[in-house]
Amino acid sequence: MPHSKPILKALSGIQLSPPPIWLMRQAGRYLPEYRATRRKAGDFLTLCYTPDLAAEVSLQPLRRFGFDAAILFADILLVPHALGSDLWFADGHGPQLSRISSMQDVRRLAPPGIVRESLAPVFETVGILSREVPRDTTLIGFAGAPWTVATYMISGKGTTDHRDPIEFMRSERAAFDALMDRLAEATIEYLLAQIEAGAEVAMIFDSWAGSLHGIEFENFVERPLKKIIRGIADKEPRIPIIAYARHVGSAFSRFAKSSGAACIAVDSTVELGWAARHVQPYSCIQGNLDPRFLIAGGSELIDQAQKIVACLSNGPHIFNLGQGITPNADPKNVEVLVEAVRNPRSI
Ligand code: CP3
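Here's a quick rundown of the structure. (Residues numbered from 1 in each chain as written. Predicted model: local features only at pLDDT ≥ 70, side-chain atom pairs only at ≥ 80, totals over all residues. Heavy atoms only, no water.)

Digging into helix α12 (residues 214–235)
Here is step 1: Across its 22 residues, α12 extends 31 Å between first and last C-alpha, which sits within 8% of the 32 Å expected from 1.5 Å per residue.
Here is step 2: Along α12, the positions that sit buried rather than exposed are Glu216, Phe217, Phe220, Val221, Glu222, Pro224, Leu225, Ile228, Ile229, Gly231 and Ile232.
Here is step 3: Looking at the buried positions of α12, the neighbouring elements they touch are α9 (146–155), α10 (163–171), α11 (173–197), β5 (201–206), β6 (241–245) and α13 (251–258). (Helix = DSSP H or I, 4+ residues; strand = E, 2+ residues; numbered from the N terminus. Expected span 1.5 Å × (residues − 1). Buried < 20%, exposed > 50% of the residue type's maximum accessible area, 1.4 Å probe, protein only. Contact = heavy atoms within 4.5 Å.)

Structural data, given as structure tokens:
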């Protein structure tokens, strides 16, 4: 049966005008109703592990903006949490984790199978969402890619230069390989369980892919991405995959040609003409508005949104941001953006 949902159509290679739209991190602190639900939960992890509340915050942006997709409310760091890492979010500090610094630490991680058990509340959230999202809305599940998740596990927190993870990779290669293998396996298990619970698309976030280059990029970004996509396709060949990496330049084109992903999500640094020629002929493209346009809004937001739509109008495109929306984005500007994409002549 052909798909009737716009996002699934675009992912199957159909060009739609206007393109379907959703935003990375669309459920979050820029929405007062998110902040209220989070207060009710007490803290971020409790919110992730309480299916009714997690489903509620996933649905909030749909009610306001009528997006074409809902994304599961969870976090990429729930996988290391399930594997046994301590994880906490202190206000204003971002995530903090117990650090992996030796083979012994890697061996102490829980064996395969634990993800299905420990993350059962997340799959329950997916189940609630698959019953509650509007008929034309697509439900997206997600996980972090091994390199991005490993950077947090090795540093014990979010960093931007990734000095410790790169040092660990080079000096403790066997332990690093074991960690990456464990993460790839756990990620496949996690995404398959989300799909069994009702997720219609799987998205893989490699937000820190841009910190590796050359053979290290091939070994620890491209290879795990392909391995995870193959692992999903073996069991669930009909589920499209969106691959998101940041700051990887021309590798976006290779991903589109040979990763097996149905869609490549590109960041805001990508030149649109290049993307139309080198990514879009081989896969659907998602992106690439800089979320900073949503802070001030105005004619620059509208012009940039319409430029993206025009440049990517010759192939399958899902309108989105180049990276997650920030807490200081103005919800009124999100409304303007949706209108600019869906009804360009009314603006
Ligand atoms: O709408 C959605 O997309 C919700 C689901 C979602 C969250 N995190 C919720 C969240 C998704 C898809 C993510 C992905 C995620 N998490 C990534 C990859 C995408 C990206 O943005 O690069 C990464 C690197 C993380 C790890 C993480 N989680 C960090 C670094 C932080 C702190 C920084 C921040 O943005 O606050 C989080 C916390 C987090 N994850 C919040 C939300 C809504 C904020 C928590 C809060 O204080 O309420």
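Examining unusual backbone geometry
Trans peptide bonds make up most of the peptide bonds, and negative phi angles are found at most residues other than glycine.
Here is step 1: Across the junction of Ser17 and Pro18, the peptide omega takes the value 0 degrees, indicating a cis bond.
Here is step 2: Note on placement: Pro18 falls in the loop between α1 (6–11) and α2 (32–41).
Here is step 3: For the bond from Gly287 to Asn288, the omega torsion is -5 degrees, close enough to zero to count as cis.
Here is step 4: Mapped onto the fold, Asn288 is located in strand β8 (residues 284–289).
Here is step 5: In this model, His247 sits at a positive phi of 60 degrees, which is unusual for a non-glycine residue.
Here is step 6: Note on placement: His247 falls in the loop between β6 and α13.

Examining the environment of Asp290
Here is step 1: Summarising the element assignment, Asp290 is placed in the loop between β8 and α15 (293–296).
Here is step 2: In this structure the C-alpha to C-alpha distance between Asp290 and Leu78, which are 212 residues apart in sequence, comes to 27 Å.

Overview of the packing of α11 against α12
Here is step 1: Where α11 meets α12, the axes come as close as 10 Å, and the angle between the chain directions of the two elements is 35 degrees. The way α11 lies across α12 gives a crossing that is right-handed. Across the interface between the two elements, Arg173, Phe176, Asp177, Met180, Asp181, Ala184, Thr187, Ile188, Leu191, Leu192 and Ile195 of α11 pack against Asn219, Phe220, Pro224, Lys227, Ile228, Gly231, Ile232 and Lys235 of α12.
Here is step 2: For the contact of α11 with α12, the per-class residue count stands at eleven nonpolar, three polar and five charged. (Axes fitted to C-alpha atoms, helices over the stretch in contact; angles between N-to-C directions. Left-handed = near helix turned anticlockwise from the far one by under 90°. Nonpolar A, V, L, I, M, F, W, Y, C, P; charged D, E, K, R; others polar.)

Regarding the site of the ligand
Here is step 1: Near the ligand there are 19 residues, and of these Arg25, Arg29, Tyr34, Arg38 and Ser207 occur at the shortest range.
Here is step 2: In the model, an oxygen atom of the ligand is placed 2.7 Å from a nitrogen or oxygen of the Arg25 side chain.
Here is step 3: Of the residues contributing to the shell around the ligand, the split by class is 13 nonpolar, two polar and four charged. (Near = heavy atom within 4 Å. Polar contact = N/O pair within 3.5 Å; in protein donor to acceptor, adjacent residues only side chain to side chain.)

Some words on the environment of Pro61
Here is step 1: Mapped onto the fold, Pro61 is located in helix α4 (residues 51–65).
Here is step 2: A relative accessible area of 0% means that Pro61 is categorised as buried.

Remarks on the packing of aromatic side chains
Here is step 1: Inspection of every chain in the model, using the stated rule, returns eleven aromatic pairs.
Here is step 2: Judged by centre distance (5.8 Å) and plane angle (75 degrees), the rings of Phe44 and Phe73 are edge-to-face. Taken together, the positions of Phe44 in helix α3 (residues 44–48) and Phe73 in the loop between β1 (69–71) and α5 (78–83) put the pair 29 residues apart, joining distant regions of the chain.
Here is step 3: The class of Phe44 is buried, set by a relative accessible area of 11%.
Here is step 4: When its relative accessible area of 7% is taken as the criterion, Phe73 is described as buried.
Here is step 5: Centre to centre, the rings of Trp147 and Phe176 are 6.2 Å apart; their planes meet at 65 degrees, and the pair counts as edge-to-face. With Trp147 in helix α9 and Phe176 in helix α11, this residue pair connects regions lying 29 residues apart in the sequence.
Here is step 6: The class of Phe176 is buried, set by a relative accessible area of 0%.
Here is step 7: Of the aromatic side chains, those joined through ring pairs into one cluster are Tyr34, Phe44, Phe73 and Phe89.
Here is step 8: We note Arg246 situated over the ring of Trp208; from NZ or CZ to the ring centre the distance is 4.7 Å. (Phe/Tyr/Trp six-rings, centres within 6.5 Å; stacked < 30°, edge-to-face > 60°. Lys NZ or Arg CZ within 6 Å of the ring centre and 35° of its normal.)

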